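Listed below are the residues making up each chain.
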Amino acid sequence: MSEKTKWAIADCVIFGVILAFSAWLMWHTFQYKNGEILPSSKVWSDFQAHIPLIRSFSLGDNFPPEYPLFPGEKIRYHFLFYLLVGLLEKSGVRLDWALNLPSTLGFAWFLVMIYLLGKDLTKNRTVGIMAVILYVFNGSLSFIKYFTDQGWSWLAIKKIFTLTDFPSFAPYGAGIVSAFWNWNIFVNQRHLALAYALCLTGVYLIWKEGLTWKKEVFKTIGLVIILVVLSWLHKAVFLMSTVIYTVLVMTNLRKSVWSFMGLGMGVILSIPAVLYMSPHAGQEIAVRMGYLSDGTWRGFVWWWFMNMGLILPGAVVGFLAGNKSLKRLFVAFVPLFIMGNTLTFSPDIAANHKFFNLFVVVCVLLIANLLIQLWEKNWWGKALAILIFPILILSGVIDAFPIINESYYRIADRNSLAKNWIAANTPKDAVFLNSTFFDNPATLAGRKIYFGWPYFLSSMGYELYAREKLWRKMWMGENFCALTSSERINYLIFDLRKPTPDEPEINQQFFQNYTNSIFEVGEGYKIVKISDLCPFGQRPM
């Protein structure tokens, strides 16, 4: 067996391990059994946005696309991934396969690109493997909080294997270390890994200088396709990719003429997506210093030290010890760290985590190369590498167990009486005035609800105040027929339980006047057709 064949087999084994891990991670956190949707406890909240979008394409009629939690205007959320999932389900693929298959391939592709960049930029496969391990097991210092809370003992080590919650989960829970460094981010935002994979593939194409004009043309076309797809797949990653590619091209312009052409053409052809999914006029890019830190220099340094541990200083040392290709790549990725710490692109500053999750890729490449250099140096280099490596992965190992030990929510789907009634008796493009947000049978049936969970809508760039005001007015019966007509609402879906503070107060007496028009559809839900309540001239069209 030739040396080339041996290395090809080694690559296939590495790819196989990555694919198996990716498949386990995605299917472990989202399943479909016995007619029930089973999202894990860590993904349930985000999937309250994803499933309605998927179902609007698979069971509903959502062309041109509108956001099913805020119908009536153009969609402002990058929808391409969930359109793909919806079309797969529409073609007969079961929901878990329709979602988990592209999720698995996207995450595996992303990790493979980290491996290939590490291997090819340093001519060392071990660097590529090490970089993947360092990325998968994050280098934050959340383990300090864990052992501080649990005690520095053998009992605390044993408890790691039964953890169901992350030791630190800022800004949504305890601790200073953010929620965005562990696997949770990729099992929730299923489109993110695929977007990162495309971004790194573009980096790989630019770095691979073609030896013939045919290869350069292939590179140019590849960059155009990547940027156009990213513009519909993930707006933030499209922006980051444009920045990275521009820096890479400008730092080697003489040899990157074809790449420059691909970059320019890709950006121009992406303008329609950027304009179509733009946020409302009142939402602007703003200066916000320090990301999630307290805004002081001391707080900024401490926050990043706790969140990246030895990753950031290690990357700086790795930059000094790295080759020309690694240094050029680091320079191209540094703007992401700066942008994420100085600008905000939505009301939720936490959403800037996407910049840092991608920036960490180049950091782990530099550190992986540094560790291998230390190992190959002499005995003290080996000792230093052995000392540093556990610190770089310990928090990631601890953070793995809350995912491994997942519990599941159960959402009735195939056997849901309410969902099945809606699917059988209402138009596919119907809009429902909803009184509840979560697991709503209207969205499970692919229909749209008038006002979804405000956190989702705000982060996507929708203007909430006016719509929420109208939503609450309609449920109180104020100008009911005129408002439902102007807002093009076709049905009401509600129950008469006491609302939560986020849900509207319902004028029960108003709706009880129309008991003959109310359908009892199961699971405690009641549905009213607007045209049964309002004069013909005021019906929604």
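Our structure is the block above this text.
Residues numbered from 1 in each chain as written. Predicted model: local features only at pLDDT ≥ 70, side-chain atom pairs only at ≥ 80, totals over all residues. Heavy atoms only, no water.

Considerations on the overall build of the chain
And then number 1: Scanning the chain for helices and strands turns up 25 helices and ten strands.
And then number 2: Taken against the 2.2 N^0.38 rule, which gives 24 Å for 541 residues, the C-alpha radius of gyration of the chain at 25 Å falls within 12% of a compact globule.
And then number 3: Based on the C-alpha atoms only, the size of the chain along its principal axes is roughly 85 × 60 × 55 Å.
And then number 4: When the 541 residues of the chain are sorted by exposure, 55% land in the buried category.
And then number 5: When contacts within the chain are restricted to residue pairs at least 6 apart in sequence, long-range pairs at least 24 apart make up 74% of them. (Helix = DSSP H or I, 4+ residues; strand = E, 2+ residues; numbered from the N terminus. Rg over C-alpha atoms; globule rule 2.2 N^0.38 Å. Buried < 20%, exposed > 50% of the residue type's maximum accessible area, 1.4 Å probe, protein only. Contact = heavy atoms within 4.5 Å.)

Some remarks on unusual backbone geometry
And then number 1: Omega for the bond connecting Phe63 with Pro64 falls within 30 degrees of zero, at -5°, which places this linkage in the cis form.
And then number 2: Within the element layout of this structure, Pro64 appears in the loop between helix H2 (44-58) and helix H3 (80-90).
And then number 3: In this model, Lys123 sits at a positive phi of 60°, which is unusual for a non-glycine residue.
And then number 4: Positive phi outside glycine occurs at Asp439, with the angle close to 55°.

Re the side chain of His78
And then number 1: With respect to the helices and strands, His78 occurs in the loop between H2 and H3.
And then number 2: Here His78 falls in the buried class, since its relative accessible area comes to 8%.
And then number 3: A polar side-chain atom of His78 sits 3.4 Å from a polar atom in the side chain of His191.
And then number 4: Engagement of the side chain of His78 in a polar contact is seen with the backbone nitrogen of Lys235, the distance being 3.0 Å.
And then number 5: Aside from chain neighbours lying at most four places away, what touches His78 is His191, Trp232, Leu233, His234, Lys235 and Met277. (Polar contact = N/O pair within 3.5 Å; in protein donor to acceptor, adjacent residues only side chain to side chain.)

Focus: the packing of helix H4 (residues 95-122) against helix H5 (residues 125-136)
And then number 1: At a minimum axis separation of 7 Å, H4 and H5 run at an interaxial angle of 140°. Relative to H5, H4 is oriented so that their crossing is right-handed. Contacts between H4 and H5 involve Phe110, Leu111, Ile114, Tyr115, Gly118, Lys119 and Thr122 from the first element and Arg125, Val127, Gly128, Ile129, Ala131, Val132, Tyr135 and Val136 from the second.
And then number 2: Its residues assigned to classes, the contact of H4 with H5 shows ten nonpolar, three polar and two charged. (Axes fitted to C-alpha atoms, helices over the stretch in contact; angles between N-to-C directions. Left-handed = near helix turned anticlockwise from the far one by under 90°. Nonpolar A, V, L, I, M, F, W, Y, C, P; charged D, E, K, R; others polar.)

Details of the sheet that holds strand S9 (residues 518-522)
And then number 1: The strand order across the open sheet formed by five strands is S7-S6-S8-S10-S9, and the pairing between neighbours is mixed. Each having just a single partner strand, strand S7 (448-449) and S9 make up the two edges of the open sheet.
And then number 2: Pairing of strand S6 (residues 431-434) with S7, which is carried by two bridges, proceeds in the parallel orientation. What sits directly across from Phe432, in S7, is Ile449.
And then number 3: Along the sheet, helix H19 (residues 417-425) makes contact with S6, strand S8 (491-494), S9 and strand S10 (525-529), crossing S9 at roughly 125°. (Pairing = 2+ DSSP bridges.)

Comments concerning a nonpolar patch on the surface
And then number 1: On the surface, Trp213, Val257, Trp258, Met261 and Met265 cluster together into a nonpolar patch covering about 510 Å² of accessible area.
And then number 2: By residue number, the principal contributor to the nonpolar patch is helix H12 (residues 257-269), which donates four residues.
And then number 3: Mapped onto the secondary structure, Met261 falls in helix H12. (Patch = residues over 30% accessible without salt bridge, like charges linked within 9 Å, V, L, I, M, F, W, Y side chains within 5 Å. Areas by Shrake-Rupley, 256 points an atom, 1.4 Å probe, with all protein chains shown as cover. Salt bridge = Lys/Arg side-chain N within 4 Å of Asp/Glu carboxyl O.)

Comments concerning the pattern of salt bridges
And then number 1: For the structure shown, the criterion picks out 14 salt bridges.
And then number 2: Among the salt bridges present, the one from Asp96 reaches Arg94, with a minimum N-O distance of 2.8 Å.
And then number 3: Using a relative accessible area of 3% as the deciding quantity, one classes Asp96 as buried.
And then number 4: On the accessibility criterion, Arg94 (42% relative accessible area) is partly exposed.
And then number 5: Notably, a salt bridge pairs Lys145 with Asp149, separated by 2.5 Å at the nearest N-O pair. You can see Lys145 and its partner Asp149 sitting in helix H6 (residues 142-150), four residues apart, about one turn around the helix.
And then number 6: Taken together, the shared-partner salt bridges in this structure form one network comprising Asp11, Lys119, Asp120 and Arg125.

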